[in-house]
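Structural overview for review
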Amino acid sequence: MEYGCPLCNGIAGVNERCSSCGQLMRDAGMVEDYYGPYSPYDNMDRYEPPLFWELADRMPCVHLFSCSKCGYDKRVGIQRAFF
Ligand SMILES: [Zn+2]
Ligand SMILES: [Zn+2]
């Protein structure tokens, strides 16, 4: 049994439709290195490293979904799970 993001591990596919045109979106990859204003890691630097990693592991794996038809994209948090 493994624990991780089902999308990163190829277990699950994208099942999200573009909210603009209805096209099935594609996974443009995870955005782990994204530290913008909406980053879930924003308030994490005050934690001690062991706690940080424990929390980071429980947070969803954020993927960028993009629409190949109209160019719409959005970030989706994928919950890590055992599989
Ligand atoms: Zn992932
Ligand atoms: Zn679209």
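The structure under discussion appears in the preceding block.
Residues numbered from 1 in each chain as written. Chains lettered and ligands numbered in written order. Predicted model: local features only at pLDDT ≥ 70, side-chain atom pairs only at ≥ 80, totals over all residues. Heavy atoms only, no water.

Here we take up the coordination of the zinc ion (ligand 2). Each protein donor to the zinc ion (ligand 2) is listed here as Cys18 (SG), Cys21 (SG), Cys67 (SG) and Cys70 (SG); together their distances run 2.3 to 2.4 Å. Look at where the donors of the zinc ion (ligand 2) fall in the sequence and you get C-x2-C-x45-C-x2-C. Of this pair, Cys18 sits in the loop between strand S1 (3–4) and strand S2 (26–30) while Cys70 is found in the loop between strand S3 (61–66) and strand S4 (73–78), placing the two residues 52 residues apart along the sequence. (Donors = N, O, S within 2.8 Å, 3.2 Å for Na, K, Ca; no water. Helix = DSSP H or I, 4+ residues; strand = E, 2+ residues; numbered from the N terminus.)

A full pass over the atoms with the stated rule returns one salt bridge. Residue Glu16 is joined to Lys74 by a salt bridge in which the shortest nitrogen-to-oxygen separation is 2.7 Å. In this pair, Glu16 is assigned in the loop between S1 and S2 and Lys74 in strand S4, connecting sequence segments 58 residues apart. Given a relative accessible area of 27%, Glu16 falls into the partly exposed group. Classification of Lys74 as partly exposed rests on a relative accessible area of 23%. (Salt bridge = Lys/Arg side-chain N within 4 Å of Asp/Glu carboxyl O. Buried < 20%, exposed > 50% of the residue type's maximum accessible area, 1.4 Å probe, protein only.)

What follows deals with the coordination of the zinc ion (ligand 1). Taken together, the protein ligands of the zinc ion (ligand 1) are Cys5 (SG), Cys8 (SG), Cys61 (SG) and His63 (NE2), with distances of 2.0 to 2.3 Å. Geometry at the zinc ion (ligand 1) is tetrahedral, judged from its four donor atoms and the angles of 103 to 116° they form at the metal. Sequence spacing among the residues donating to the zinc ion (ligand 1) works out to C-x2-C-x52-C-x1-H. His63 sits in the buried class, given a relative accessible area of 1%. (Tetrahedral: all angles 85-135°; square planar, octahedral: opposite > 155°, others 65-115°.)

It is worth spelling out the sheet that holds S4 at this point. Taken together, the three strands give an open sheet; going across it, the order is S2-S3-S4, and neighbouring strands pair in antiparallel fashion. With one partner strand each, in any of the chains shown, S2 and S4 form the two edges of the open sheet. In this sheet, neighbouring strand axes are inclined to one another by 35° on average, regardless of whether the strands run parallel or antiparallel. Where S2 meets S3, three bridges bridge the pair, whose relative direction is antiparallel. The partner of Arg26 across the bridge, within S3, is Ser66. (Pairing = 2+ DSSP bridges. Axes fitted to C-alpha atoms, helices over the stretch in contact; angles between N-to-C directions.)

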